[in-house]
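Analysis of the macromolecular model
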Amino acid sequence: MSRRAGRTLKTTYPTQEVLRVFLRDPRAEVFGYEIIEQVTSMKLKSGSLYPILQRLEDAGWLTSRWELEEYAASRGRPPRRYYKLTGTGAASAPSYCGISSDETTSRHVVGRAAGATS
Amino acid sequence: MTDTAAILAATQRHGSLAADRAYRAIDLACAVHHGEHRQNGDPYIVHPLAVASIVAELGADPDTIAAALLHDVVDDADYPLDKIRAEFGDTVAQILHEFVQLNSATLDLNDADRHINELSRFARRAVTVKLADRLHNMQTISGLTEDKQHLKARETCQVLAPVARAVGLGEIAVELDALSADTLRRPRSARPAPVVRPWTSEAGLRHARTLLHLGARLLMPQSSRDRWLAEWDGEINALSDGHERFRFTLGLVIGLPRMAAAAHRSALARNVTEDRP
């Protein structure tokens, strides 16, 4: 685990854009296509997104889980995979994205005040 | 669907390097033809896949199969031959060089014998690609206007079928003759109007999805392949818009080599087998 978390993450614009989506609400869970839709400053391709998610998971910044099978089945489709920032990710992502920590702290608090639970 | 499987199976027989190269050729063709479609509405990539599958069926070697996959990448899209040489080797570049030459001749049907002689003298592998190209074009000719259908059918029976016979590809000659006779026999008024299907047809999505699965099987590490395929299937199935589904899937296909590199690095670092909960 420490070996994984210790791996350095190369700074690229698409990775920053993906992390910005997570930073909008650091406690939210999002799935792949949702990220593509929410990155509006560039045309993020599906083929670029998943290697980024893999690297962020490897770095210990993101964690993921499968959607509950029953829920997906009730919608008549296979389960999706949801991603979420880890503590390390939430702490490291702002400076990686060049966002001041004040800005994200206030968003974080708003996220909690709005009743986000995990 | 079967095209891709036939291509990969035929090249796999020559070892995994050959299969990997076929996959890279498919990948490049996907990238170069991305967003293009044929006159009958199919995504363009359907055509090189079909042509490669025809040459694979004829028992062609992996170089010819790769050249078939890339024939319009070089001829129509002007992808530089030097880059083909660097990425796929001298032989593939040489076949494509000859293909472009033999394909550039405008056929004068009053001088069919001369054309038959000229074309038959090109290297067999380039001629094979050309004949397979024409065969698939004849199989999908309904996308063309009536006049063009007629012209192509006459070229086919007067020049290309005889060339096929001259180079010993009799079975292709028979098919070319039958297809062109079919087109020429139909009275113009009775010929059905071309059916224009949207380029996001079910066939397109099926092709892209098959490519994704076969590509993942070739390139992704076993430990995480199923997880990613399951995740992608989940996303694809949840998309309601056909166009968006196709784009999403094709994007994954094009991104597969990079994805595979990331997944291999991850598997190496983690050294565990499966992380699906």
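Quick look at the structure, then. All values derive from a computational prediction rather than experimental measurement.

**Some words on the pairing of strand β3 (residues 81-85) of chain A**
Residues and elements named next belong to chain A. Among the five residues of β3, four are classified as buried, and the element is accordingly described as predominantly covered. Sheet topology note: the strand β2 (residues 62-66)/β3 ladder contains five bridges and is antiparallel. Considered in β3, the bridge of Ser64 is made with Tyr83.

**Regarding the interface of chain A and chain B**
Tallying the contact residues gives 25 residues for chain A and 28 residues for chain B. A combined buried area of about 2,400 Å² lies between chain A and chain B, and 55% of that area is made up of carbon and sulfur atoms. The largest contributions to the chain A side of the interface with chain B come from Tyr33, Tyr50 and Trp66 of chain A, which together make up 28% of the buried area. At the junction of chain A and chain B, the tally comes to 13 residue pairs in polar contact (both at pLDDT 80 or more).

**Thoughts on empty space enclosed by the protein**
Residues and elements named next belong to chain B. Inspection of the entire model under this criterion finds three cavities of 30 Å³ or more. Taken as a whole, the second largest cavity spans an internal volume of roughly 50 Å³. If you go around the second largest cavity, you meet eleven residues; those closest to its centre are His33, His34, Pro43, Ile45 and Leu250.

**Regarding helix α3 (residues 46-57) of chain B**
Residue and element names in this part refer to chain B. Taking 1.5 Å as the rise per residue, α3 with twelve residues should run 16 Å; its terminal C-alpha atoms sit 16 Å apart, in good agreement. Among the residues of α3, Val46, His47, Pro48, Leu49, Ala50, Val51, Ala52, Ser53, Ile54, Val55 and Ala56 are the ones counted as buried. With its phi angle positive at about 85°, Gly59 sits one or two positions after the end of α3.

What counts and how
- Residues numbered from 1 in each chain as written.
- Chains lettered and ligands numbered in written order.
- Predicted model: local features only at pLDDT ≥ 70, side-chain atom pairs only at ≥ 80, totals over all residues.
- Heavy atoms only, no water.
- Buried < 20%, exposed > 50% of the residue type's maximum accessible area, 1.4 Å probe, protein only.
- Helix = DSSP H or I, 4+ residues; strand = E, 2+ residues; numbered from the N terminus.
- Pairing = 2+ DSSP bridges.
- Contact = heavy atoms within 4.5 Å.
- Buried area = accessible area lost by both parts, 1.4 Å probe.
- Polar contact = N/O pair within 3.5 Å; in protein donor to acceptor, adjacent residues only side chain to side chain.
- 1 Å grid on protein atoms, 1.4 Å probe; cavity = no way out; pocket = protein on both sides within 12 Å on 5 of 7 lines; lining within 4 Å.
- Points joined across faces, edges and corners; volume = space filled by probe spheres on them.
- Expected span 1.5 Å × (residues − 1).

So yeah, pure geometry; function would need other evidence.
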